[in-house]
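The primary structure of each chain is shown beneath.
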Amino acid sequence: MSTSRTVVCLLRNDLRVHDNEVFHWAQKNAEYIVPLYCFDPRHYKGTHNYNLPQTGPFRLRFLLQSVRDLRNTLINKGSTLVVRHGKPEDAVAGLIKQLGSVSVVAFHEEVTSEELDVEKKVKDICAQMKVRVQTCWGLTLYHRDDLPFNHTARLPDVYTQFRKAVETQSSIRPLFPTPGQLKPLPPELEEGAIPTVEDLQQTGCETDPRSAFPCSGGESQALHRLQHYFWDTDAVATYKETRNGLISVDCSTKFAPWLAMGCISPRYIYHQIKQYERERTANQSTYWVIFELLWRDYFKFVAVKYGSRMFQIKGLQDKSIPWKVDMKLFDAWKEGRTGVPFVDATMRQLAMTGFMSNRGRQNVASFLTKDLGLDWRLGAEWFECLLIDYDVCSNYGNWLYSAGIGNDPRENRKFNMIKQALEYDSNGDYVRKWLPELQGIVGADVHMPWTLSSAALSHAHVSLGESYPTPIVTAPEWSRHFNKKPSCTGPSARGKKGPSHTPKQHRDKHN
């Protein structure tokens, strides 16, 4: 039994070496470091309310890729990733007993109930076994301690107020350095096998060639994506104009899946943006990447403020709405069989690839909650299952927003499916890509096949109710747009509201 100081670094949604305070702290304070990732069986059960698969095939594939990538990175730095299939609290207890030299368990703090329960159990185990716990904060662009609010309870309930406060009163911390080499594992510690999809009793998935996210998980892939999007193509310089595109890989940053698993640090993206602005160009597009990172921050801090209310049917506003639970309607929505092509194309893209655009998410969420009147948690749990970039705070925060019981300052916001379709898929190319049964309908008419004459449908080889469904619901406001010709040939750049100018540069904090 060794008396050396060993630090166990419990990794969860921080699967990277760069800008990782847990590794930075351990490197300074340990003789041996045990980087630990646990495949927690609780993540592979059913969702809380409707028992949908909690970790679907696309996110699981991305996670396995990310874990393998981190192991390879650590091996190149003189270490490896220790992998255990079990609950983190059990794995930590087992390592403490086995090694006899563990002095500290270190991890990044999370903010939502299931993750906080794990932290409490790990702390309880460590207290019983007289091992110290070292926690760090690394989830967000702005550090929790640097917010310009005395307490999270005073966090504004409107994003714009939050954004203006942090932009003018807070600063973003520098990156933690990336270690060239990491302290080794204790002698004779088995690294453990990375499980397969089958080991986790899950189903695999195929890669659809139509995917707008044909990327792999892992820190090295995340850094490569940033290099490509910023420095190799300058695509970031037109991000604000292209970000609502529905088809192209490079119409938006696509950072979200790597951010969700912590393969890339939001601070790293920010500091790269600042460097790009210094060396190439600073405009609304470069600022807008930060604007979207701030939305991600905001939902994290909203989760801290409201706790479990984020998951409750009445939402943050404690508002009673008579939501329906109609599984026939829900199945039509999730399988892309609503008869509303813009909705169906987006839902089929999700089912086939685990990804959809931000614009698509806003529309299908509005359709489920406002047009179908279904319990918003059905949609939130389906997204939890399938989205590669599922992030608990952003997912539930956005669904509450869409349902009208979250952080939306506007009352009764509802998206008009036909107006949105004509604005963001003006020629119908996106719909025809994902609904091949409608390929015979030319131009924007593909968004409203039920309005076409029987002769036009016959000419396009479409039989409503047979080859493609009749709409399960229609909204009266859609008819205002049936005869409108699209005013543009491509997707509009209109998106979430924000400043029409690029605000003053964020102030960086230097050590």
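It should be emphasised that the depicted structure is a prediction, and the values quoted were computed from it without experimental measurement. (Residues numbered from 1 in each chain as written. Predicted model: local features only at pLDDT ≥ 70, side-chain atom pairs only at ≥ 80, totals over all residues. Heavy atoms only, no water.)

Colleague: For the overall build of the chain, give the residues involved together with the corresponding values.
Modeller: In terms of regular secondary structure, the chain is built from 18 helices and five strands. For a compact globule of 511 residues, the expected C-alpha radius of gyration is about 24 Å, and the chain comes in at 24 Å, within 12% of that figure. Counting the 511 residues in the chain, one finds 58% classified as buried. Taking the average location of the 64 positive side-chain charges in the chain and that of its 56 negative ones, the two points are 5 Å from each other. (Helix = DSSP H or I, 4+ residues; strand = E, 2+ residues; numbered from the N terminus. Rg over C-alpha atoms; globule rule 2.2 N^0.38 Å. Buried < 20%, exposed > 50% of the residue type's maximum accessible area, 1.4 Å probe, protein only. Lys, Arg positive; Asp, Glu negative; His and termini not counted. Charge placed at Lys NZ, Arg CZ, Asp CG, Glu CD.)

Colleague: Explain empty space enclosed by the protein to me, and be specific about the residues and the numbers.
Modeller: Counting across every chain of the model gives two cavities of 30 Å³ or more. Estimates place the volume of the second largest cavity at around 40 Å³. If you go around the second largest cavity, the residues you meet are Leu 10, Leu 11, Arg 12, Asn 13, Asp 14, Phe 107, His 108 and Glu 110. Residue assignment for the lining of the second largest cavity shows that the elements contributing at least two residues are strand E1 (6-11) and strand E4 (102-108). (1 Å grid on protein atoms, 1.4 Å probe; cavity = no way out; pocket = protein on both sides within 12 Å on 5 of 7 lines; lining within 4 Å. Points joined across faces, edges and corners; volume = space filled by probe spheres on them.)

Colleague: I'd like to hear about the pairing of E4, residue by residue, with values.
Modeller: By the criterion of burial, E4 is predominantly enclosed, with six of the seven residues buried. Pairing of E1 with E4 involves five bridges; the strand directions are parallel. Note that in E4 the partner of Val 7 across the bridge is Val 104. The sheet contact formed by E4 and strand E5 (residues 132-136) spans five bridges and is parallel. By the bridge assignment, His 108 is partnered in E5 with Cys 136. Traced from E4 through helix H4 (residues 113-128) to E5, the parallel crossover comes out right-handed. (Pairing = 2+ DSSP bridges. Right-handed = clockwise from strand over helix to strand, strands pointing away.)

Colleague: Please set out the packing of aromatic side chains residue by residue, giving values where relevant.
Modeller: Enumeration over the complete set of coordinates arrives at 36 aromatic pairs. The rings of Trp 137, Phe 149, Tyr 159, Phe 162, Tyr 287, Trp 288, Phe 291, Trp 295, Tyr 298, Phe 299, Phe 301 and Tyr 401 are connected pair by pair, giving a single aromatic cluster. Over the face of the ring belonging to Trp 288 we find Lys 240, whose NZ or CZ atom lies 4.5 Å from the ring centre. The side chain of Lys 334 reaches across the aromatic face of Trp 382, ending 4.7 Å from its centre. (Phe/Tyr/Trp six-rings, centres within 6.5 Å; stacked < 30°, edge-to-face > 60°. Lys NZ or Arg CZ within 6 Å of the ring centre and 35° of its normal.)

Colleague: So what about the pattern of salt bridges? Which residues, and what values?
Modeller: By the definition in use, this model includes 27 salt bridges. Close ionic contact of Asp 208 with Arg 210 constitutes a salt bridge, the shortest N to O distance being 2.9 Å. Since its relative accessible area comes to 10%, Asp 208 is described here as buried. Here Asp 234 and Arg 280 are joined by a salt bridge, their closest N and O atoms 2.8 Å apart. With Asp 234 in the loop between helix H6 (219-232) and helix H7 (239-242) and Arg 280 in the loop between helix H9 (266-279) and helix H10 (284-306), the pair connects residues that are 46 residues apart, well separated along the chain. Taking the relative accessible area as the measure of exposure, Asp 234 reaches 32% and is therefore partly exposed. Judged by relative accessible area, Arg 280 falls into the partly exposed class, the value being 42%. The network of salt bridges with shared partners includes Asp 331, Lys 334, Glu 335 and Arg 337. (Salt bridge = Lys/Arg side-chain N within 4 Å of Asp/Glu carboxyl O.)

Colleague: Help me get a handle on the pairing of strand E3 (residues 82-85), residues and values and all.
Modeller: As defined by bridge partners, strand E2 (residues 32-39) adjoins E3 across four bridges and the pair is classed as parallel. Its bridge partner being in E3, Leu 36 is matched across the sheet by Val 82. Following the chain from E2 across helix H2 (residues 57-76) to the adjacent parallel E3, one finds a crossover that is right-handed.

Colleague: Explain unusual backbone geometry residue by residue, including any values.
Modeller: Positive phi, close to 45°, is recorded for Asp 19, a residue that is not glycine. Here Asp 19 is to be found in the loop between E1 and helix H1 (21-29). Phi at Lys 130 takes a positive value of approximately 60°, unusual for a residue other than glycine. Mapped onto the elements, Lys 130 comes out in the loop between H4 and E5. Given a relative accessible area of 76%, Lys 130 falls into the exposed group.

Colleague: Describe H6, naming the residues involved and giving the relevant values.
Modeller: For H6, with 14 residues, the first-to-last C-alpha span of 18 Å sits near the 20 Å given by 1.5 Å per residue. Listed in full, the buried residues belonging to H6 are Glu 219, Ala 222, Arg 225, Leu 226, Tyr 229, Phe 230 and Trp 231. Looking at the buried side of H6, the elements it contacts are H2, H7, helix H8 (256-260) and H9. Just downstream of H6 lies Asp 234, where phi reads positive at about 60°. (Expected span 1.5 Å × (residues − 1). Contact = heavy atoms within 4.5 Å.)

Colleague: Quick one: what's the story with the environment of Gly 465, residue by residue and with numbers?
Modeller: Within the secondary structure, Gly 465 sits in the segment after helix H18 (454-459). When its relative accessible area of 55% is taken as the criterion, Gly 465 is described as exposed. On a C-alpha basis, the gap between Gly 465 and Trp 450 in space is 9.9 Å, while along the polypeptide they are 15 residues apart.

Colleague: If you had to explain the sheet that holds E2 to someone new, which residues and values would you point to?
Modeller: Strand order in the open sheet formed by five strands is E3-E2-E1-E4-E5, with parallel pairing between adjacent strands. The outermost strands of the open sheet, each flanked by one partner alone, are E3 and E5. Strand-to-strand twist of the sheet, defined as the mean angle between neighbouring strand axes without regard to direction, takes the value 25°. Sheet analysis places E1 next to E2, joined by six bridges and oriented parallel. In the strand pairing of E2, Val 7 is matched with Ile 33. Of the strands in this sheet, E1, E2 and E3 touch H2, which is tilted by about 170° from E2. The strands touched by H4 within the sheet are E1, E4 and E5, with E4 carrying the most contacts at an inclination of about 170°. (Axes fitted to C-alpha atoms, helices over the stretch in contact; angles between N-to-C directions.)

Colleague: I'd like a description of the nonpolar core, backed by residues and values.
Modeller: Nonpolar side chains in soluble globular proteins tend to be buried together. Judged by nonpolar contacts, the single largest core of 125 residues is most densely connected at Phe 39, Phe 162, Phe 230 and Trp 333. Sequence-distant contacts of Phe 39, that is, excluding residues within four places in its chain, are made with Tyr 44, Leu 63, Leu 64, Val 67, Val 83, Arg 84, His 85, Gly 86, Ile 194, Pro 195 and Leu 200. (Core = buried A, V, L, I, M, F, W, Y, C linked by side-chain atoms within 4.5 Å.)

Colleague: Account for the packing of helix H11 (residues 327-334) against helix H14 (residues 376-386), naming residues and giving values.
Modeller: For any two helices packed against each other, one specifies the inter-axial angle together with the distance between the axes. Packing of H11 against H14 brings their axes to within 11 Å, and their N-to-C directions diverge by 40°. Classified by the interaxial angle, the pair formed by H11 and H14 is oblique. In the crossing of H11 with H14, the sense of the turn from one axis to the other is right-handed. The residues of H14 that touch H11, namely those facing Met 327, Phe 330, Trp 333 and Lys 334, are Leu 378, Gly 379, Trp 382 and Phe 383. Of the residues contributing to the contact of H11 with H14, the split by class is six nonpolar, one polar and one charged. (Parallel < 35°, antiparallel > 145°, perpendicular 65-115°, else oblique. Left-handed = near helix turned anticlockwise from the far one by under 90°. Nonpolar A, V, L, I, M, F, W, Y, C, P; charged D, E, K, R; others polar.)

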